[in-house]
Amino acid sequence: MFFSPSTTTTTTTTKILTFFLALLLLINIVKSSLPISQERTNLIVLMHGMGDTCCNDLSLGALSKIISENVEKKNKIISIKFGSGTTLSDFISGFYGDAFDLVNQACEQISEAMRDDMEISILGFSQGGVFARAVVETCAKITVKKLITFGSPHSGVWHIPGCDKNAKSTFCSLSQKAASMAAYDPLLKRKSIQAAYYKDVSSEAAYNKYLNSGSLLSVINEDDETNKEDKNMRKERMCALKMFAMFSFENDDVVVPRDSAIFSDVPRIPFEYTKFKISELLKVRETEFYRENKLCLRELDERLNLITDVVPNAKHMQFTLKWFKEHIIEGLLVDEDDIKTNGVLKIE
């Protein structure tokens, strides 16, 4: 019998490698059987309103910056850009086009930006809040956890700005007829973004046109005649919210009526609204809409997840960065452990 050092060494090496491979395999099996623990992050989405753009340094650009300065870097912030991708197209899209297309664009941009470990929060400003709620209800690719809106006409716009003071003036009467035509005409309504949330409550005939218009507002407010299955799916998506917060502005002269931003509604049809009748409006918790738990509003409220508030002494979309930081970022947007403990906010 001959002793072969090379053969013995090769055999030993093979055994060692086999042992380590088996050990690695065992470790992977054990790891795969353990519950996955991933650190939750937030995808924070901003949606601008009419006359604005996604990244204006004086509006949403400033808000994006203040959020990024005051939340942990693990959180991601995006601002929706509508249209073809240019700033001009984004601006024009706030006036001209199809509101349903804007909602679909936002849905796509959010779904592309999200990861499985993210919770989505959407902040909608002015008409952007109506589109944000439409995204919550209709975008099947995502599940939104927080929806916060500012001066957004959730119950619709009933007059053009200024006509809440003297609705029967010749100018306002003609303007209301023109607005109804644009909002409810099958061709015109696809060209006007503002038509998507116009609601004429001045007569039963005009209101019935709204109900049968198929406008974005009539769909997402369950006022239209879409099938029950679609309504149930939209309601389920609203029920998935951990928070639905709505803010109106005390001196708002753009959204008519002002308290449409907190889902107040008409006490009756017909109703000739003026700002002097604001006390007659039904607050959200007094509406039939709420009592019937449409869009899960009553259920959200019972879970303490429905918030309505007024920005004091403020016109439409006018608030300070200091107010936004204290009431929105620290108060509502992210959890305490997501706030930068060593962040220093600089406000001029």
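This text goes with the structure placed above it.
Each chain carries its own residue numbering, running from 1 in the written order of its sequence. In keeping with the model being predicted, local features are shown solely for residues with a pLDDT of at least 70 and side-chain atom pairs are shown and tallied solely at 80 or more, while totals for entire chains, interfaces and linings include all residues. As a rule here, side-chain values cover all heavy atoms of the structure and leave hydrogens and water aside.

Draft legend 1. View of the overall build of the protein. A tally of regular secondary structure across the protein gives 12 helices and 6 strands. Per-residue accessibility, obtained with a 1.4 Å probe over protein chains only, is compared with the maximum for each type, and a residue is labelled buried under 20%, exposed over 50%, and partly exposed between these values. Across the 348 residues of the protein, 48% fall into the buried class. The contact rule is simple, with two residues in contact once any of their heavy atoms fall within 4.5 Å. Counting only contacts in the protein whose residues sit at least 6 apart along the sequence, the fraction spanning at least 24 positions is 72%. Counting every atom, the protein has about 18,100 Å² of accessible surface; 57% of that belongs to carbon and sulfur. Secondary structure elements follow DSSP: runs of H or I no shorter than four residues count as helices, runs of E no shorter than two count as strands, and numbering proceeds from the N terminus. Computed with the Shrake-Rupley method and a 1.4 Å probe, the accessible areas treat only the protein chains shown as cover for residues.

Draft legend 2. Structural detail: the sheet that holds strand β3 (residues 118-125). When DSSP finds two or more bridges between a pair of strands, those strands are recorded as paired. Pairing within the open sheet is parallel, and its 6 strands lie in the order β2-β1-β3-β4-β5-β6. In this open sheet, the two strands that pair with only one neighbour each are β2 (76-79) and β6 (306-311). Across this sheet, the average inter-strand angle for adjacent strands is 15°, counted without regard to direction. Bridge analysis of β3 against strand β4 (residues 144-150) gives 6 bridges, and the strand direction is parallel. Bridging across to β4, L123 finds its partner in I148. Across the sheet, helix α2 (residues 60-70) touches β1 (41-47), β2 and β3, and the angle it forms with β1 is around 165°. Lines fitted to the C-alpha atoms define the axes, with helices restricted to the stretch that makes contact. Angles between their N-to-C directions range from 0 to 180 degrees.

Draft legend 3. Expanded view of unusual backbone geometry. Of the consecutive residues V256 and P257, the connecting peptide bond is found in the cis state with omega at 5°. Assignment of secondary structure puts P257 in the loop between β5 (243-249) and α10 (288-291). In this chain, I269 is followed by P270 through a cis amide linkage whose omega measures 5°. Topologically, P270 is positioned in the loop between β5 and α10. Positive phi, normally seen in glycine, also occurs at C296, with a value near 70°.

Draft legend 4. Quick look at the packing of aromatic side chains. Note on aromatic pairs: the rings of Phe, Tyr and Trp (six-membered ring only in Trp) are paired at centre separations within 6.5 Å, and the planes decide the class, stacked below 30 degrees, edge-to-face beyond 60, tilted for the rest. Enumeration over the complete set of coordinates arrives at 14 aromatic pairs. With a centroid separation of 5.8 Å and an interplanar angle of 15°, the aromatic rings of F319 and F324 are classed as stacked. A relative accessible area of 0% means that F324 is categorised as buried. Through successive ring pairs, a cluster of aromatic residues spans F125, F150, F247, F249, F319, W323 and F324. Note that K277 overlies the ring of F271, its terminal NZ or CZ placed 5.5 Å from the centroid. Ring-over charges, as used throughout, are those where CZ of Arg or NZ of Lys falls within 6 Å of the ring centre and within 35 degrees of the ring normal.

Draft legend 5. Summary view of the state of the cysteines. Cysteine sulfurs are considered disulfide-paired once they come within 2.5 Å of each other. Evaluated as defined, the whole model comprises 4 disulfides. In this model C54 forms its disulfide with C55; the gap between the sulfur atoms is 2.4 Å. Taking the sign of the S-S torsion, -90° for the link of C54 and C55, the bridge is left-handed. Overall, C55 belongs to the partly exposed group, its relative accessible area being 45%. C107 shares a disulfide with C139; S-S distance 2.0 Å. Around the S-S axis, the bridge from C107 to C139 shows a dihedral of about 65° and counts as right-handed. Taken as a pair, C107 in helix α4 (residues 99-113) and C139 in the loop between α5 (127-138) and β4 lie far apart in primary sequence, 32 residues in all. The connectivity of the disulfides in the protein is 1-2, 3-4, 5-6, 7-8, where the numbers refer to bonded cysteines in sequence order.

Draft legend 6. Expanded view of the environment of C55. By the element assignment, C55 lies in the loop between β1 and α2. Separated by 32 residues in sequence, C55 and T87 place their C-alpha atoms 8.5 Å apart.

Draft legend 7. Expanded view of helix α6 (residues 170-184). Multiplying 1.5 Å by the helix residue count minus one yields the expected span of that helix. Compared with the 21 Å implied by 1.5 Å per residue over 15 residues, the 21 Å span of α6 between its first and last C-alpha is a close match. Among the residues of α6, C172, S175, Q176, A179, S180, A183 and Y184 are the ones counted as buried. The buried side chains of α6 occupy one side of the element, clustering within an arc of 140° when seen end-on. Turned more than 90 degrees off the buried face of α6, the exposed positions are T170, F171, L174, K177 and M181. As for α6, its buried residues are in contact with α7 (204-211). The directions from the helix axis to the C-beta atoms form the arc being described.

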